[in-house]
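Structural overview for review
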Amino acid sequence: MASSNSKSTNETANKIFKILLSNPRIKVSWVKAHAGNIGNDRADQLAKDATQHGQFYSHTKLPKPHIKDLLQKRMLEEWQTSWKNGDTGWKIYNIMPSASLCPTNWISEDVIFCSQHGPFPAYLKRFHLSDSDYCSCGGIGTALHYATECIYTVSWHMRKPAPNFEQKWLKRVANNLVSRLKIRGIINFISRNRDLFRSP
């Protein structure tokens, strides 16, 4: 038997030999063929099925960079499908619809503003963390409110979009460094002065 010969040049036989060396409890012995041995008859049947119906197997060694590229491509495809069909994160998805390995250079303040999950009365009220969704200035305390009209954040104001263009406006703001610096200023100011923004 080729697998019992450590000097065999057969690759499969060498693999079997290594497995046997690392698992001394496995015993290999000769069994007479066609003698009613159930295990041997089953092995013969499987071998026969494989030769008649099995697929040809070709062991081709591929370069590691090629394998890495294939795996990365598959991973991005699965990530994109998950991102597109997910139940959450739609505000961010509308800004960045494509999954990518390229860094966005976003920091937490950018994510807080664009997802609108942060120290905003409207968000806190929605999740029953506050009794009111009003800012202390009298407006509804949304991210858009602080970026465009709140009297306490005038230093960072941007031009307010028409209601049907809010998503396009948010995408444009998220992709503009000057606008993102304003966003960061707003979020940091609100975070440092939470009492100022609570409704009376």
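Residues numbered from 1 in each chain as written. Predicted model: local features only at pLDDT ≥ 70, side-chain atom pairs only at ≥ 80, totals over all residues. Heavy atoms only, no water.

A closer look at the nonpolar core
How we decide: Only buried residues count toward a nonpolar core. Its members are Ala, Val, Leu, Ile, Met, Phe, Trp, Tyr and Cys residues joined through side-chain atoms within 4.5 Å. Summary of the burial criterion: residues with accessible area below 20% of their type's maximum are buried, those above 50% are exposed, and those between are partly exposed, where the area comes from a 1.4 Å probe applied to protein chains only. Under the DSSP-based scheme used, a helix requires at least four consecutive residues in state H or I and a strand at least two consecutive residues in state E, with every element numbered from the N terminus. The contact definition used throughout considers only heavy atoms, calling two residues in contact when any of these lie within 4.5 Å.
Residues F113, C114, F120, Y146, W169 and F197 are the most contacted members of the largest nonpolar core, which totals 24 residues. For this core, the secondary-structure elements that each account for two or more residues are helix 4 (90-95), helix 5 (108-115), helix 7 (143-148), helix 8 (166-174) and helix 9 (177-192). Of all the elements, helix 9 adds the most residues to this core, at 5 residues. Ignoring anything within four residues of it in the chain, the contact list for W169 reads F113, L144, A147, T148, M158, R159 and P161.

Brief notes about the domain arrangement of the chain
How large an interface is tends to be reported as the accessible area lost when its parts come together. We apply this condition: The domain boundaries here were taken from an automatic or database domain assignment.
Considered domain by domain, the chain is made up of domain 1 (11-53) and domain 2 (103-196). Between domain 1 and domain 2, the C-alpha centre-to-centre distance is 68 Å.

Observations concerning the environment of N193
To be explicit about the condition: Polar contact is defined as a pair of N or O atoms within 3.5 Å, subject to the rule that within protein one atom must be able to donate a hydrogen and the other to accept it, and that residues adjacent in sequence are counted only when both atoms are side-chain atoms.
Mapping N193 onto the fold places it in the loop between helix 9 and helix 10 (194-197). In sequence terms N193 and F17 are 176 residues apart; their C-alpha atoms lie 71 Å from each other. Engagement of the side chain of N193 in a polar contact is seen with the backbone oxygen of F189, the distance being 2.8 Å.

Things to note about the side chain of E109
Which entries qualify depends on this criterion: In summary, the charge assignment counts Lys and Arg as positive and Asp and Glu as negative, without counting His or the chain termini. What makes a salt bridge here is a side-chain nitrogen of Lys or Arg within 4 Å of a carboxyl oxygen of Asp or Glu, nothing more.
Relative to the helices and strands, E109 resides in helix 5. R184 is the oppositely charged side chain nearest to the buried, salt-bridge-free E109, at an N-O distance of 5.6 Å. Here S108 takes part through its side chain, which lies 3.3 Å from a polar atom of the side chain of E109. Residue contacts for E109: discarding those within four places in its chain leaves I183, R184, I187 and N188.

Notes on helix 2 (residues 38-53)
Note the threshold: Under the convention used throughout, the expected extent of a helix is 1.5 Å for every residue step, that is, one less than its residue count.
Compared with the 22 Å implied by 1.5 Å per residue over 16 residues, the 22 Å span of helix 2 between its first and last C-alpha is a close match. Its side-chain oxygen placed 3.1 Å from the backbone nitrogen of G39, N37 serves as the N-cap of helix 2.

As for the pattern of salt bridges
Going through the model one piece at a time under the given rule, you end up with 5 salt bridges. The salt bridge partner of R184 is D110, with a shortest N-O separation of 2.8 Å. With R184 in helix 9 and D110 in helix 5, this pair connects stretches of sequence that are 74 residues apart. The pair formed by R184 and D110 is uniform in burial state, with each residue classed as buried. Residue E149 is joined to K160 by a salt bridge in which the shortest nitrogen-to-oxygen separation is 3.1 Å. Taken together, the residues E149 in the loop between helix 7 and helix 8 and K160 in the loop between helix 7 and helix 8 connect sequence positions 11 residues apart.

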